[in-house]
Amino acid sequence: QVQLVESGGGLVQPGGSLRLSCAASGSIFSIYSMCWYRQAPGKQGELVAAITNGGITNYADSVKGRFTISRDNAKNTVYLKMNSLKSEDTAVYYCNVIGRTATGPRTNYWGQGTQVTVSS
């Protein structure tokens, strides 16, 4: 089994910063891409940022220049540093990892979600 454990969400004032972490554990053997999605109430889910196993990154236009995705392959962990936060960044953030176990197929794994609230 593979588990994704997220941490780092919380309440922050506009203009503030947060860093989210997502660690993959269990029988994960190979990790390909790692991503962060978010879901705000009444809105469609959005791909916020993605990083390949080669370190190539991609961002939603709404977060470019403010958010940075990174990964530590030795720790099977992906991070999302969020700066200059705005109220519209308020959402539940989900970690997504595409990887596989030693004997299994390539699979989509999801974290449990962490709430980020930007409010004064």
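Quick caveat: nothing in here was measured; it's all calculated off a predicted structure. The residue numbers shown here count from 1 along each chain, following its written sequence. Only residues with pLDDT of at least 70 are given local features in this predicted model, and only at 80 or more are side-chain atom pairs given and counted; all residues enter the totals for whole chains, interfaces and linings. Hydrogens and waters are ignored; side-chain quantities use all the structure's heavy atoms.

Asks: Even after reading the chapter, I still don't get the overall build of the protein chain, so can you show me in this structure?
Replies: Strands here mean DSSP runs of E at least two residues long; helices mean DSSP runs of H or I at least four residues long; both are numbered from the N terminus. Secondary structure assignment for the protein chain yields zero helices and eleven strands. Secondary structure elements in the protein chain, listed N-terminal to C-terminal, are β-β-β-β-β-β-β-β-β-β-β. For the protein chain, the C-alpha atoms occupy an extent of roughly 50 × 25 × 25 Å along the three principal directions. Accessible area is worked out with a 1.4 Å probe on protein chains only. A residue is then buried under 20% of its type maximum, exposed over 50%, and partly exposed in between. Burial analysis of the protein chain (120 residues in total) assigns 42% to the buried set. Any two residues whose heavy atoms approach within 4.5 Å at even a single point are treated as in contact. Look at the contacts in the protein chain between residues 6 or more apart in sequence, and 53% of them connect residues 24 or more apart. For the accessible areas, the method is Shrake-Rupley and the probe is 1.4 Å, while residue cover comes only from the protein chains on display. For the protein chain, the exposed surface amounts to about 6,200 Å²; the carbon and sulfur share of it is 49%. Positive residues here are Lys and Arg, negative ones are Asp and Glu, while His and the chain termini are left out of the count. For charged residues, the charge sits on one atom: NZ in Lys, CZ in Arg, CG in Asp, CD in Glu. The distance from the centre of the 11 positive side-chain charges to the centre of the 6 negative ones in the protein chain is 6 Å.

Asks: Sorry if this is basic, but what is going on with the sheet that holds strand 1 (residues 2–7) here?
Replies: Two strands are counted as paired when DSSP detects at least two bridges linking them. Strand order in the open sheet made by the four strands is 1-3-8-7, with antiparallel pairing throughout. The open sheet has two free edges, formed respectively by strand 1 and strand 7 (67–72), since each of these has just one partner strand. Within the sheet, the average angular offset between the axes of one strand and its neighbour, ignoring direction, is 15°. Bridge count between strand 3 (residues 18–26) and strand 8 (residues 77–82): six bridges; the pairing is antiparallel. Across the sheet, residue Cys22 finds its bridge partner in strand 8, namely Val78. In this description, a line fitted to the C-alpha atoms serves as the axis of each element, helices being fitted only across the stretch in contact, and the angle between N-to-C directions of two axes falls anywhere from 0 to 180 degrees.

Asks: What exactly am I supposed to notice about unusual backbone geometry here?
Replies: Across residues other than glycine, the phi torsion is negative in most instances, and most of the peptide bonds are trans. One non-glycine residue, Asn76, lies in the positive phi region at around 50°. Note that Asn76 resides in the loop between strand 7 and strand 8. Judged by relative accessible area, which is 24%, Asn76 ranks as partly exposed.

Asks: In this structure, what is going on with the state of the cysteines? I would like to understand it.
Replies: Every disulfide links exactly two cysteines, by a covalent bond between their sulfur atoms. Working definition: a disulfide is two cysteine sulfur atoms within 2.5 Å of each other. Under the criterion given, the structure shown has one disulfide. What pairs with Cys22 in a disulfide is Cys95, and their sulfur atoms sit 2.1 Å apart. Classification of the bridge connecting Cys22 and Cys95 rests on its S-S torsion, roughly -75°, and on that basis the disulfide is left-handed. Residue Cys22 is located in strand 3, and its partner Cys95 is located in strand 9 (residues 91–100); the two are separated by 73 residues in the primary sequence. Classification of Cys22 by relative accessible area gives buried; the value is 0%.

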